[in-house]
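Spelled out from the first residue to the last, the chains are:
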Amino acid sequence: QVQLVESGGGLVQAGGSLRLSCTASGRTFSSYTMGWFRQAPGTVREFVAAITWTGGSTDYADSVKGRFTISRDNVKNTVYLQMNSLKPEDTAVYYCAAAWGGLRRYDYDYWGQGTQVTVSS
C-alpha cells in the first residue's frame, strides 16, 4: 500500500502561482510513476502531469504544458506540481496518484484525498 497526502492548495489570483506537494508513505515511493490529476465541479477527473520514478521522463496535458512543472524528490518521498500563470479554468480539486510501472495517463493504483485550487479572475 501507498498512502498519499496532498498539500499546498489555496486561493490565488489569475496569473499567480502555487506549488502543490504530495508526500507518500508505505511501499517504496521511488519505484512508482507519480501523476497529478484534477477534477472541476461537474466534470470528469482529468490527467494533468506525470513523472517516472527516476524523474527522467515527464508528460503534461496540453492545457498545462509550459505553465506547470512536475518534479519529485525520492529522498523526501515527495512529488511536486509547480503551477505558474494560473487561469480561472485551472480551478479544481487536484489529486496525486501513484502507478507501478512506466509513464502513463491512466491506470493509477493509489490516490490521495485531493487539495482544492481556486483561481479568481
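Within any chain, residue numbers begin from 1 and follow the written order of that chain's sequence. Residues qualify for local features only when their pLDDT is at least 70, as the model is predicted, and side-chain atom pairs are given and counted only at 80 or more; totals for whole chains, interfaces and linings, by contrast, use all residues. For the side-chain quantities, the full set of heavy atoms in the structure was used; hydrogens and water were omitted.

So, on to the state of the cysteines. In a disulfide, the sulfur atoms of two cysteines are covalently bonded to one another. To count as a disulfide, a pair of cysteine sulfur atoms needs to be within 2.5 Å. In the structure shown here, the tally under the stated rule is 1 disulfide. Covalently, Cys-22 is tied to Cys-96 through a disulfide, its sulfur atoms 2.1 Å apart. Linking Cys-22 and Cys-96, the disulfide has an S-S dihedral of approximately -75° and is accordingly described as left-handed. On the criterion of sequence distance, the pair formed by Cys-22 in strand β3 (residues 18-26) and Cys-96 in strand β9 (residues 92-100) is long-range, its members being 74 residues apart. Using a relative accessible area of 0% as the deciding quantity, one classes Cys-22 as buried. The class for Cys-96 is buried, based on a relative accessible area of 0%. Each helix is a run of H or I in the DSSP string that is no shorter than four residues. Each strand is a run of E no shorter than two, and both are numbered from the N terminus. Three exposure classes are used, based on accessible area relative to the maximum for each residue type with a 1.4 Å probe and protein chains only: buried under 20%, partly exposed in between, and exposed over 50%.

Now for the environment of Thr-43. Following the sequence through the fold, Thr-43 ends up in the loop between β4 (32-39) and β5 (46-51). When its relative accessible area of 41% is taken as the criterion, Thr-43 is described as partly exposed. Here the alpha-carbon distance between Thr-43 and Thr-78, two residues 35 residues apart in the chain, equals 27 Å.

What follows concerns the pairing of strand β1 (residues 2-7). The alternating pattern of β1 places Val-2, Leu-4 and Glu-6 on a buried face and Gln-3, Val-5 and Ser-7 on a face that is not buried. One requirement defines pairing of two strands: DSSP has to find at least two bridges between them. With 6 bridges joining them, β1 and β3 adopt antiparallel strand pairing. Each bridged residue has a counterpart across the sheet, and for Ser-7 the counterpart in β3 is Ser-21.

Limitation: the analysis is restricted to geometry and does not speak to function.
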